[in-house]
Amino acid sequence: MKQYDIYLANLSPTIGREQFGTRPVLIISNDYENLLDIVTIIPITSRKENRKIYPNELFLSNELEKPSILLCQQIRTISKIRLIKKLTSIENIEIRNKINEILCRRFEYMRF
């Protein structure tokens, strides 16, 4: 289990507007933290036609079976017990950099 792996996960139960159900998630915790029994993830949702992509989201066109959206505003830490199976990994460095840029903006990190 490594950073940038995409797993199918069961995110239920949830509260409020949290993403729920069985869906793909991107692991963003580092490989050292991934040795623990928890991982930090970003949920992924399929893209509906004409759905706007917001600045805190990333469109994934070819990484999964369907065009999808990485919901960077929905970061959460989950138990590894919620992970069902590995689907794929994001190997493309440009996509990895875009994810990191969105996360840096989200937490207002400024690069000098």
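Notes on the structure in this doc start here. In this text the structure is predicted, and so the values were computed from the model without any measurement.

Details of the packing of aromatic side chains
Considering all chains together, one arrives at zero aromatic pairs under this definition. Positioned above the aromatic ring of Phe 59, the side-chain terminus of Arg 47 is 5.1 Å from the ring centre.

Structural notes on the nonpolar core
Among the nonpolar cores identified, the biggest contains 16 residues, and Leu 26, Ile 44, Leu 58, Leu 60, Leu 70, Ile 90 and Ile 99 are the most heavily contacted of them. Those elements that provide at least two residues to this core are β3 (38-46), β4 (57-60) and α1 (93-106). In terms of residue count, α1 provides more of this core than any other element does, four residues in total. Apart from residues no more than four positions distant in its own chain, Ile 90 is found in contact with Tyr 4, Ile 6, Leu 26, Leu 60, Glu 63, Ile 95, Arg 96 and Ile 99. Core analysis: the next-biggest nonpolar cluster, separate from the first, contains nine residues, Val 25, Ile 27, Val 39 and Leu 83 among them.

With respect to unusual backbone geometry
Backbone torsion omega between Ser 12 and Pro 13 reads 0 degrees, so that peptide bond is classified as cis. With phi around 70 degrees, Asn 50 is a residue other than glycine that occupies positive phi space. Take Asn 50: it is sitting in the loop between β3 and β4.

Quick look at the state of the cysteines
Counted by the stated rule, this structure contains zero disulfides. No disulfide involves Cys 72; its nearest neighbouring cysteine sulfur is the one of Cys 104, lying 11 Å away. Owing to a relative accessible area of 18%, Cys 104 belongs among the buried residues under this scheme.

Examining the side chain of Glu 57
By secondary structure assignment, the location of Glu 57 is in strand β4. Excluding residues within four positions of it along the chain, Glu 57 makes contact with Arg 51, Lys 52, Ile 69, Leu 70, Leu 71, Gln 73 and Ile 102.

Observations regarding the side chain of Arg 76
Structurally, the position occupied by Arg 76 is in strand β6 (residues 76-79). In this view, Arg 76 contacts Leu 11, Pro 13, Thr 14, Gln 19, Val 39, Thr 40, Ile 41 and Arg 82; residues no more than four positions away in its chain are not counted.

Details of the pattern of salt bridges
Scanning the model with the defined rule gives three salt bridges in all. A salt bridge links Glu 57 to Arg 51, with the nearest nitrogen and oxygen atoms 2.8 Å apart. Among the ionic pairs, Glu 91 bridges to Arg 96, the shortest N-O distance being 3.8 Å. Given a relative accessible area of 59%, Glu 91 falls into the exposed group. Arg 96 gets classed as partly exposed once you look at its relative accessible area, which sits at 21%.

Details of the pairing of strand β2 (residues 22-27)
The buried fraction of β2 is high, at five of six residues. Inspection of the sheet shows strand β1 (residues 5-10) paired to β2 by five bridges, in the antiparallel sense. When the bridges of β2 are listed, Tyr 7 appears paired with Val 25. As judged from the three bridges shared by β2 and β3, these two strands associate in the antiparallel manner. Paired with Val 25 across the two strands is Pro 43, which belongs to β3.

What counts, and at which threshold
Residues numbered from 1 in each chain as written. Predicted model: local features only at pLDDT ≥ 70, side-chain atom pairs only at ≥ 80, totals over all residues. Heavy atoms only, no water. Phe/Tyr/Trp six-rings, centres within 6.5 Å; stacked < 30°, edge-to-face > 60°. Lys NZ or Arg CZ within 6 Å of the ring centre and 35° of its normal. Core = buried A, V, L, I, M, F, W, Y, C linked by side-chain atoms within 4.5 Å. Buried < 20%, exposed > 50% of the residue type's maximum accessible area, 1.4 Å probe, protein only. Helix = DSSP H or I, 4+ residues; strand = E, 2+ residues; numbered from the N terminus. Contact = heavy atoms within 4.5 Å. Disulfide = S-S within 2.5 Å. Salt bridge = Lys/Arg side-chain N within 4 Å of Asp/Glu carboxyl O. Pairing = 2+ DSSP bridges.

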